[in-house]
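Spelled out, the chains give:
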Amino acid sequence: MRIRVALIVAACVLGSHAALAASAENGKKAFTAHGCWQCHGFEGQGSAVTSNGKVIAHTELPYESFEAFVRSTNGAMPPFRETILPAADLQDIYAYLQAVPKPPEVSSIPLLK
Ligand code: HEC
């Protein structure tokens, strides 16, 4: 039992370390280089040009689901396999999408009151 708890703690520590290692700055470059912006906008804000370019900034998908989707989608979005989009780049892209500044609250914009 104690060993299992220790393993879980170790996994959490190592896991969060890996997340910290991801670089939003590199992610921005990878997001541009791999063409994600063409459908999702340069900041993952979505796009009116492609009819269903989804908002993906601050995605609520946990990393595992995000990766699974990007690797294996077969709908309107083409899949990006590891041979063309290395895992490190995808982790950085995820970090970038989490780091994009959030828009202001609508209630904080006087003109919209
Ligand atoms: C050709 C246009 C296109 C490109 C390029 C593209 N996407 Fe997408 N993406 C889409 C569309 C359309 C959807 C919605 C499709 C669906 O739900 O099946 C989507 C959905 C997603 C989702 C799921 C969002 C959710 O919450 O369900 C993620 C994550 C995502 N894209 C990430 C990326 C990343 C990262 C890249 C670059 C490596 C990328 N996309 C490149 C068109 C594109």
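Shown above is the structure to which this text applies.
In this text the structure is predicted, and so the values were computed from the model without any measurement. (Residues numbered from 1 in each chain as written. Predicted model: local features only at pLDDT ≥ 70, side-chain atom pairs only at ≥ 80, totals over all residues. Heavy atoms only, no water.)

(A) Summary view of the overall build of the protein. Each helix and strand in the protein was counted, giving five helices and zero strands. The order of helices and strands in the protein, counted from the N terminus, is α-α-α-α-α. In the protein, which comprises 113 residues, the share counted as buried stands at 28%. Considering only contacts in the protein between residues 6 or more positions apart, those separated by 24 or more positions represent 51%. For the protein, the accessible surface area stands at approximately 8200 Å², while carbon and sulfur atoms represent 65% of it. (Helix = DSSP H or I, 4+ residues; strand = E, 2+ residues; numbered from the N terminus. Buried < 20%, exposed > 50% of the residue type's maximum accessible area, 1.4 Å probe, protein only. Contact = heavy atoms within 4.5 Å. Areas by Shrake-Rupley, 256 points an atom, 1.4 Å probe, with all protein chains shown as cover.)

(B) Summary view of the coordination of the iron atom of the ligand. Coordination of the iron atom of the ligand by the protein is provided by His40 (NE2) and Met77 (SD), with metal-donor distances spanning 2.0 to 2.2 Å. Coordination at the iron atom of the ligand is octahedral: its six donor atoms span angles of 86 to 179° at the metal. Here His40 is found in helix α3 (residues 37-40), whereas its partner Met77 is found in the loop between α4 (63-72) and α5 (87-99), with 37 residues between them in sequence. (Donors = N, O, S within 2.8 Å, 3.2 Å for Na, K, Ca; no water. Tetrahedral: all angles 85-135°; square planar, octahedral: opposite > 155°, others 65-115°.)

(C) A look at the nonpolar core. With 17 residues, the main nonpolar core has Phe31, Phe66, Val70, Leu85, Leu90, Ile93 and Leu97 as its most contacted residues. Of all the secondary-structure elements, those providing two or more residues to this core are α2 (24-33), α4 and α5. Apart from the residues within four sequence positions on either side, Phe66 is in contact with Thr59, Leu61, Leu90, Ile93, Tyr94 and Leu97. (Core = buried A, V, L, I, M, F, W, Y, C linked by side-chain atoms within 4.5 Å.)

(D) α4, seen in detail. Listed as buried for α4 are Tyr63, Phe66, Val70 and Arg71. Summarising the axial view, the buried residues of α4 lie within an arc of 120°, below the 170-degree limit, and thus occupy one face. Tucked into the core, α4 has its buried residues touching α5. (Arc of directions from axis to C-beta.)

(E) Examining the packing of aromatic side chains more closely. For the structure shown, the criterion picks out five aromatic pairs. Aromatic side chains Phe31 and Tyr96 sit 5.6 Å apart centroid to centroid with 55° between the ring planes, which places their arrangement in the tilted category. Separated by 65 residues along the polypeptide, Phe31 in helix α2 and Tyr96 in helix α5 bring together distant segments of the chain. Each member of the pair, Phe31 as well as Tyr96, is classed as buried. Ring centres 6.0 Å apart and planes at 40° place the aromatic pair Tyr63 and Phe66 in the tilted group. With Tyr63 and Phe66 both in helix α4 and three residues apart, the pair spans about one turn of that helix. We classify Phe66 as buried; its relative accessible area is 7%. (Phe/Tyr/Trp six-rings, centres within 6.5 Å; stacked < 30°, edge-to-face > 60°.)

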